[in-house]
Amino acid sequence: MNWDDDSTAEPDARLVGASAEGDDQAVEAALRPKDLSEFVGQEKVRQQLDLVLKAARQRGATADHVLLSGAPGLGKTTLSMIIAAEMSAPIRITSGPAIQHAGDLAAILSSLQEGEILFLDEIHRMSRPAEEMLYMAMEDFRVDVIVGKGPGATAIPLELPPFTLVGATTRAGLLPPPLRDRFGFTGHMEFYDPAELQRVIHRSAGLLDVEIDTAGAAEIAGRSRGTPRIANRLLRRVRDYAQVRADGVITREVSEAALSVYEVDSRGLDRLDRAVLEALIKLFGGGPVGLSTLAVAVGEERETVEEVAEPFLVREGLLARTPRGRVATPAAWTHLGLVPPQAVGPAGPGSGQQGLFGA
């Protein structure tokens, strides 16, 4: 039950895409857990955050600033709302791309109430002037508003009520050290294992009033790429299939049939993922092959292949990025039902693939 992207590529509208668009956001709001006890997975982050929030409540103080990092769809937005609920505080939600000027940030900060939670999604995409203003606001609860221009410009100090900033990012490495250092607590969200995703699916099925057995939940969990957002999306599509073509109960057989219709295979690969692997193996003998050539072969933009398909394929060990180009691993050949080429020495025939995986 836990969710949340950032990408400069086209929005990922695939069934197994980790970003949330349109109806997904409304459904997620209904399925989100309301407190830490309901939150599934992320055990270390959850326990650490629980201590931070309980200590702040006992002191009667605002909680330390919190930075949450990790891939889209793992629960960063959900945790920010839980922080607000645990602290009995209102929450203000905005994002880095929406703050392009220091004045935009000053307007938001000056309107905060004492103890309010400010959730800043994609914090690494905030403009540099706004970033520098945020340093002082986080540390001293004060901002300097510049009035006028040139030699006659005057800095007017503006005191802010104590607040808690919750920053979320998919690319923590892009945050400047001075900003990272001002967060009192940093939590990294990990991908979920299948057992945790089954718990997410069972909980969501109960909220959606869907009957599902253990095997059916396990089948959906195994194809959800370790991401609760994807698990919930697949559950809704399987529910539709069960309602129309079965008796409304989700079993393993129903899950397999439904996800076959939606072209999501046993490892969570969809049409685009398999197209990349098939082109790499069947057209180019497993590689290495350049990214642009591979993109042309599958009829997609270079950025789509690199930023939408490749991250999951690399994480699954199906594709490798090398200085000479993209290479299909032996696991990719096996997944497509093909026999990997025999490993031979670097001087043997077909020096590319064999040299990389040969003994």
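Residues numbered from 1 in each chain as written. Predicted model: local features only at pLDDT ≥ 70, side-chain atom pairs only at ≥ 80, totals over all residues. Heavy atoms only, no water.

> Even after reading the chapter, I still don't get the nonpolar core, so can you show me in this structure?
The tendency in soluble globular proteins is for nonpolar side chains to be buried as a group. One finds Leu-79, Ile-83, Ile-201, Ile-212, Ile-220 and Ile-250 to be the most contacted residues of the largest nonpolar core, which totals 45 residues. The contacts of Ile-220, once residues within four sequence positions are left out, are Ile-201, Ile-212, Ala-231, Leu-234, Leu-235, Val-238, Ile-250, Ser-255 and Leu-259. Residues Leu-67, Ile-123, Met-133 and Tyr-135 belong to the second largest nonpolar core, which totals 24 residues. (Core = buried A, V, L, I, M, F, W, Y, C linked by side-chain atoms within 4.5 Å. Buried < 20%, exposed > 50% of the residue type's maximum accessible area, 1.4 Å probe, protein only. Contact = heavy atoms within 4.5 Å.)

> So what exactly am I meant to see when it comes to the environment of Phe-185 here?
Inspection of the secondary structure puts Phe-185 in strand 7 (residues 185–188). Residues Phe-185 and Leu-67, 118 residues apart in the sequence, show an inter-C-alpha distance of 6.3 Å. Beyond its immediate chain neighbours, meaning those up to four positions away, Phe-185 contacts Val-45, Gln-48, Leu-49, Val-52, His-65, Val-66 and Leu-67. (Helix = DSSP H or I, 4+ residues; strand = E, 2+ residues; numbered from the N terminus.)

> What is the right way to read the packing of helix 7 (residues 194–207) against helix 9 (residues 228–245) from this model?
Helix-helix packing: each pair is described by the crossing angle between the helix axes and the interaxial distance. Packing of helix 7 against helix 9 leaves a shortest axis separation of 10 Å and a crossing angle of 45°. Between helix 7 and helix 9, the interaxial angle falls into the category oblique. When the axes of helix 7 and helix 9 are compared, the crossing they make is right-handed. Within the contact between the two elements, helix 7 uses Leu-197, Val-200, Ile-201, Ser-204 and Ala-205 and helix 9 uses Pro-228, Ala-231, Asn-232 and Leu-235. Classifying every residue of the contact of helix 7 with helix 9 by side-chain character gives 7 nonpolar, 2 polar and no charged. (Axes fitted to C-alpha atoms, helices over the stretch in contact; angles between N-to-C directions. Parallel < 35°, antiparallel > 145°, perpendicular 65-115°, else oblique. Left-handed = near helix turned anticlockwise from the far one by under 90°. Nonpolar A, V, L, I, M, F, W, Y, C, P; charged D, E, K, R; others polar.)

> Looking at this structure, I do not really get helix 8 (residues 214–222). What am I missing?
Restricting attention to buried positions, one finds in helix 8 the residues Gly-216, Ala-217, Glu-219, Ile-220 and Ala-221. In the core, the buried residues of helix 8 are packed alongside helix 7, strand 8 (211–212), helix 9, strand 9 (249–250) and helix 10 (252–261). Between a side-chain oxygen at the N-terminus of helix 8 and the backbone nitrogen of Ala-215 the separation is 3.3 Å; the capping residue is Asp-213. (Polar contact = N/O pair within 3.5 Å; in protein donor to acceptor, adjacent residues only side chain to side chain.)

> Is there a simple way to think about helix 3 (residues 76–86) in this case?
Residues spaced three or four apart along an α-helix face the same direction, because each turn holds 3.6 residues. Most of helix 3 sits out of view: 9 of its 11 residues are buried. Those residues of helix 3 lying buried are Lys-76, Thr-77, Thr-78, Leu-79, Ser-80, Ile-82, Ile-83, Ala-84 and Glu-86. Lining the buried residues of helix 3 we find helix 2 (43–59), strand 1 (66–69), strand 2 (91–95), strand 3 (117–121) and strand 6 (164–169). Positive phi shows up at Ser-88, right after helix 3, with a value of about 50°.

> I keep staring at the confidence of the model for the chain and nothing clicks. Help me out?
Regions with low pLDDT should not have their predicted coordinates read in detail. On average, the chain scores 83 in pLDDT, and the residues at 70 or more come to 85%. Contacts from residues 1–11, a stretch scored under 50 in pLDDT, to residues over four places away or in other chains number 58 contacts. Note that residues 344–359 has pLDDT below 50 and, in this model, 28 contacts with residues that lie over four places away or in other chains. (pLDDT = per-residue confidence, 0-100.)

> Looking at this structure, I do not really get the pattern of salt bridges. What am I missing?
Any two side chains of opposite charge can pair, given that their charged atoms come close. Counted according to the given criterion, the structure contains 18 salt bridges. Arg-223 is the partner of Glu-219 in a salt bridge, and the nearest nitrogen-oxygen pair spans 2.7 Å. Each member of the pair, Glu-219 as well as Arg-223, is classed as buried. Here Arg-271 and Glu-300 are joined by a salt bridge, their closest N and O atoms 3.2 Å apart. With Arg-271 in helix 11 (residues 271–283) and Glu-300 in the loop between helix 12 (291–298) and helix 13 (302–315), this pair connects stretches of sequence that are 29 residues apart. By relative accessible area, which is 42% here, Arg-271 ends up partly exposed. You can call Glu-300 partly exposed: its relative accessible area is 26%. Taken together, the shared-partner salt bridges in this structure form one network comprising Glu-219, Arg-223 and Arg-252. (Salt bridge = Lys/Arg side-chain N within 4 Å of Asp/Glu carboxyl O.)

> Just to check I follow, could you spell out unusual backbone geometry for this structure?
Keep in mind that most residues, glycine aside, have a negative phi and that most peptide bonds are trans. Positive phi, normally seen in glycine, also occurs at Gln-42, with a value near 50°. Looking at where Gln-42 falls in the secondary structure, it is placed in the loop between helix 1 (23–31) and helix 2. The phi torsion at Phe-141 lies on the positive side, around 50°, for a residue other than glycine.

> I'm lost on the sheet that holds strand 7 in this one. Help?
Two pairing modes exist for strands in a sheet, parallel and antiparallel, and in both the strands are linked by backbone hydrogen bonds. Taken in spatial order, the 5 strands of this open sheet run 2-3-6-1-7, and their pairing is parallel. Edge positions in the sheet fall to strand 2 and strand 7, since each of these pairs with one other strand and no more. Going from strand to strand, the sheet's axes swing by 15° on average, the running direction of each strand aside. Both strand 1 and strand 6 contribute to a ladder of 4 bridges, which runs parallel. Bridge pairing in strand 6 places Val-66 opposite Val-166. Contacts from helix 3 reach strand 1, strand 2, strand 3 and strand 6 within the one sheet, and its direction differs from that of strand 3 by about 175°. (Pairing = 2+ DSSP bridges.)

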